[in-house]
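The residues making up each chain are set out below.
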Amino acid sequence: MAGVSRLQYTPEIKTVRIMCTGRIDPATVSRAFKKGLDGLMVVGCYFGDCHYISGNVEAKAKIDITRKLFKHIGVNEERLAFRQCSSGEAAVFVKLVTEFDEKIRGLGPLGGDGDRVKAPDIFGKLESAEAVLAGEKIRWVIGKRTPFLESGNMYGEVFTEHEFNRAIDMIIVEEMEVQEILGQLKQGAKSVKDLARDLGIPSERVFRCITALNRKGMVALDRVAGRSPIFQLVPQEV
Amino acid sequence: MSDKTVLIVGGGLDGVRTALDHAEAGAQVTLVEKFPTLGAERIPRDRLIGPEQGFMNPDLDKVRNHNNIRILTYSDIKKINRNNGKIRAQIKKHGLLVDNSKCNDCKACIKVCPVNMFDDFDEGLGFRTAIDYCNHTTGEYNIFKEDMPVCQETCPVHLDIRAYVGLIADGKHLESLAKIRERLPLPGSIGRICPHPCETACNRQYLDESISICFLKRFASDMELEQGIEPVYETPEQKYPEKIAIIGAGPAGLTCAHDLARMGYEHIKIFEALPVPGGYLWVGIPEYRLPKKLLQREVDLICNMGVDIQYNTRIGKDIAFEDLQKEYDAVFIGAGCHTGLKLRVPGEDDYEGIVDCVTFLREQALGTLPKAKGKLIVIGGGNAAIDSARVGWRMGFDEVYILYRRTKKEMPANSWEIDAAEHEGVILQYLAAPVEILGENGKVSGMKCIKMELGEPDASGRRRPVPIEGSEYIIDAETIVPAISQGTDLSFLDKGHNLNLSRWNTFEIDEETGATNVPGVFAGGDVVTGPDIAIRAIAAGKHAAGGIHEYLRSK
């Protein structure tokens, strides 16, 4: 529509057409950033206009959570945006694209001055973020968001948005730690002390995560070197 | 076989051992354990040392298979009564929240469980998830679910604090108010005056300070006022024909009426001795703490459901209690504590100018108190004393004293109220007690006081004040207000009534239903507990409403 109307907008965007914004998998978003993307704008329909009833609501929830995760790992969350416009509003679309383009230009390339964590560390973080977003836990939580806020859980307890966001914040921090630890263990068995040093996480937190992973059957004791137990990854069946 | 029965609480090593000892001796043993399994094996230690070498208590199998032992796992002791040498325990057994017949032990739930909590098994050394296997011998899974948040547990009416505070945080003020109204009919009033035990229990205080749970109620109801919304309580389609009489339009009576009306009872009549509703909320709580206009509005909301309040009707004088019992299907007594206790010092009954705090506050609220003149002494350290003093100060007494026989630390009044009184200019004298009331020409002229010091702690845990001999002094005053607790006035009962009364002249009731020993007569509030806070009276009104409903439906 914008092209037909001969409206000018930046040539530096790449549009990816999807059936519904609700289809977007946050893990692919993280992977795209890892491969060098500087900004991503998801443009969905207005709430209430969704052909699939609530696809855009779910999309907004997914993007919001991904933004939270990005903020936590040190990527400027402005690089990821959710905007709404209908397919008939060419001028609105051009305005959104132009604004977003300006903002990303201001931020510069990923891992530069615009982000808290610089390249190349940021790419390692994004890899862990992808694992978090692809993990079962966060997917379950995102999926449960709408029912928890609207109809409540099994016991009929309806959650407030405030509570849900607080829970998400905690889950993001914990899952990120867990995935970073698992990422380190992929390279070989390590002790808690080494993990804490390499990741910059306090060793008691690493220890808690390791015991939790141990109970879940994802990490097991490899050997004891001196007085330190060395932990290794347990291969998971998929 | 002896017929001895033994209850053992705690299924740890010692509990298991003791249970076996008693069972071997022939007693019938019940073993109660709060976790889902016995003997410290709720969580296997197999991940570190392997299941074969895992710690196992050899007594466990014996206990499980013993004929004389009944094991109640995952159970809590709710109440223990001792009666004629017999001990009765009320035990609550929790159900497992997982259908273990369908579980195939794939551990997928543990991997995705979003609730990470400190493991209570190893004192928080590691994390566990809310869902967990509790026993590797039976392979049972269970979801750990807390009953209620601590604030909700503490609140006498178990208000859903988590939800309404969260809704305010989301900016949904009216939804929050609706949530409060589900359980509490007077949110604006209680939001102003409640001494909020919930905030004392709030977990947030260990981080910085408690959530202002109480004032958030006030905020929600003020938002409604500001937006000019007139709420309506919905009553169900199905109506019940029974007639219910309620004595006293205080918090307990109003709540009872509100709950019954919302259950579908149409013929509810409240008999109130005073010309105003609200009971102590109106005539005890000063205007500056709870504006009468607001209280009236909340009472009107309840009346709009068809509840009838008959003012200026004192039971026992205008209508006999017996007639109420005959005419109505159920009677709820929420008469409160409207008699001030006496000081028991010489001169108390001889002079004019001694007004107990209940009368003082009531006459002030109703505007029948004579003009303030001279000095005022309030005796006591509770909230009623502070209220009387602050009211007196506003009425224009020249000087207002509060006499308390212990120190500020021991004062039962809320600390913020004491600070406010001090700030306003009320003179607080600690460690002082009245000895004698002095008077001239039939009127009070002053009071002889004595200084005290703190001695050994007494039954209440507070240090007992002991008079210092020879330290008497005199304060001049024209009015003296003793505010040393209140008692019930049960003169409305007929002489030949057969209701069970306690030695404090309060009713003895069943706590769950509010029922007295006479069928169809229920009681609650201060008339049962003695002077207490409004929210507990409201809780009693709720219990009684449930009890009345149960009683009438089972007739």
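Residues numbered from 1 in each chain as written. Chains lettered and ligands numbered in written order. Predicted model: local features only at pLDDT ≥ 70, side-chain atom pairs only at ≥ 80, totals over all residues. Heavy atoms only, no water.

**Regarding the overall build of chain A**
Piece 1. A tally of regular secondary structure across chain A gives eight helices and five strands.
Piece 2. Starting at the N terminus and walking to the C terminus, you meet the elements of chain A as α-β-α-β-α-α-α-α-β-α-α-β-β.
Piece 3. With respect to the three principal axes, the spread of C-alpha positions in chain A is 75 × 45 × 30 Å.
Piece 4. Across the 238 residues that make up chain A, the buried fraction comes to 43%.
Piece 5. For chain A, restricting intrachain contacts to residue pairs at least 6 apart in sequence, the fraction spanning at least 24 positions comes to 63%.
Piece 6. For chain A, the exposed area adds up to about 13,200 Å²; of that, 54% sits on carbon and sulfur atoms.
Piece 7. Of the charged side chains in chain A, 35 are positive and 32 negative; the average position of the first set lies 3 Å away from that of the second. (Helix = DSSP H or I, 4+ residues; strand = E, 2+ residues; numbered from the N terminus. Buried < 20%, exposed > 50% of the residue type's maximum accessible area, 1.4 Å probe, protein only. Contact = heavy atoms within 4.5 Å. Areas by Shrake-Rupley, 256 points an atom, 1.4 Å probe, with all protein chains shown as cover. Lys, Arg positive; Asp, Glu negative; His and termini not counted. Charge placed at Lys NZ, Arg CZ, Asp CG, Glu CD.)

**A closer look at the confidence of the model for chain A**
Piece 1. Summary statistics for chain A give a mean pLDDT of 90 and a share of 99% for residues scoring 70 or more.
Piece 2. By mean pLDDT, helix α8 (residues 203-216) of chain A is the weakest element of chain A at 85, and strand β2 (residues 80-84) of chain A is the strongest at 95. (pLDDT = per-residue confidence, 0-100.)

**Let's talk about the sheet that holds strand β4 (residues 219-225) of chain A**
Residue and element names in this part refer to chain A.
Piece 1. Read across the open sheet, the three strands follow the order β3-β5-β4; overall the sheet is antiparallel. Each of the sheet's edge strands pairs with one partner strand only, and the pair in question is β3 (190-191) and β4.
Piece 2. In the sheet, β3 pairs with strand β5 (residues 228-233) via two bridges, with the strands oriented antiparallel. Within β5, the position partnered with serine 191 by the bridge is isoleucine 230. (Pairing = 2+ DSSP bridges.)

**Concerning the nonpolar core**
Piece 1. Within the largest apolar cluster, 61 residues are counted, with the highest numbers of intra-cluster contacts made by Ile161(B), Tyr164(B), Ile190(B) and Ile548(B).
Piece 2. For this core, the element with the most residues is helix α19 (residues 534-553) of chain B, which contributes nine residues.
Piece 3. Apart from residues no more than four positions distant in its own chain, Ile190(B) is found in contact with Leu184(B), Cys214(B), Lys217(B), Ala534(B), Ile535(B) and Ile538(B).
Piece 4. Ranked by size, the runner-up nonpolar core spans 30 residues in total, among them Val29(A), Leu110(A), Leu126(A) and Ile138(A). (Core = buried A, V, L, I, M, F, W, Y, C linked by side-chain atoms within 4.5 Å.)

**Description of helix α2 (residues 55-73) of chain A**
All names here are of chain A.
Piece 1. Its 19 residues give α2 an end-to-end C-alpha distance of 27 Å, which sits within 8% of 27 Å, the value for a rise of 1.5 Å per residue.
Piece 2. Check the buried side of α2 and you find it contacts α1 (26-34), β1 (40-44), β2, α4 (121-134), α5 (136-150) and α6 (161-186).
Piece 3. Backbone geometry just downstream of α2 places glycine 74 in the positive-phi region, at approximately 105 degrees. (Expected span 1.5 Å × (residues − 1).)

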